[in-house]
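Architecture and fold: a report
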Amino acid sequence: MSFLIPAAYADAAPAAAGPAGTGFEWIFLVGFLVIFYLMIWRPQAKRAKEQKNLLGALQKGDEVVTTGGIAGKIVKVADDFVVLEVSDNVELKFQKGAVAATLPKGTLKAI
């Protein structure tokens, strides 16, 4: 049945010289890591540091907004919780981590 499939004879091929472009692969990998650091790691670390500073500086009388969108004035600050006055005679207790931002003084009266 050799008339259906012709015999293939390999020419004498030159010996492989090893992987080409290994320097390019390393440059690509290092470039990828630099982009990952600059676009993801560093901004996230900066936001975490700012949030930690914000939570550490909370004090009675500050006007804040929670992550749920509730705005109020801090009445009491404990280790892990803050008590917000959101309306007359209405106080809510939140974890400190739920505070998203502080507002300038007088913002709640202007609303």
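See the structure printed just above.
Thresholds, definitions, all that
Residues numbered from 1 in each chain as written. Predicted model: local features only at pLDDT ≥ 70, side-chain atom pairs only at ≥ 80, totals over all residues. Heavy atoms only, no water. Helix = DSSP H or I, 4+ residues; strand = E, 2+ residues; numbered from the N terminus. Buried < 20%, exposed > 50% of the residue type's maximum accessible area, 1.4 Å probe, protein only. Polar contact = N/O pair within 3.5 Å; in protein donor to acceptor, adjacent residues only side chain to side chain. Contact = heavy atoms within 4.5 Å. Pairing = 2+ DSSP bridges. Axes fitted to C-alpha atoms, helices over the stretch in contact; angles between N-to-C directions.

1. Some thoughts on the side chain of Asp62
By the element assignment, Asp62 lies in the loop between helix 1 (22–56) and strand 1 (63–66). On the basis of relative accessible area, Asp62 is assigned to the buried category, the value being 12%. Here Gln59 takes part through its backbone nitrogen, which lies 3.1 Å from a polar atom of the side chain of Asp62. Leave out the neighbours within four places in its chain, and Asp62 touches Ala57, Gly72, Lys73, Ile74 and Lys105.

2. A look at the pairing of strand 4 (residues 90–95)
Direction of pairing for strand 3 (residues 81–87) relative to strand 4: antiparallel, over a ladder of six bridges. The partner of Phe81 across the bridge, within strand 4, is Gln95. Taking the residues that link successive antiparallel strands as the turn, the strand 3-strand 4 hairpin has two residues, and the phi of Asn89 there is positive, at about 65°.

3. Here we look at the sheet that holds strand 1
With antiparallel pairing, five strands are arranged side by side in an open sheet as 4-3-2-1-5. Each edge of the sheet is formed by a strand with only one pairing partner; in this case those strands are strand 4 and strand 5 (99–103). With direction set aside, neighbouring strand axes in the sheet form an average angle of 45°. Of the pairings in the sheet, the one linking strand 1 to strand 2 (residues 71–77) comprises three bridges and is antiparallel in character. Pairing of Val65 across the sheet is with Ala71, part of strand 2.

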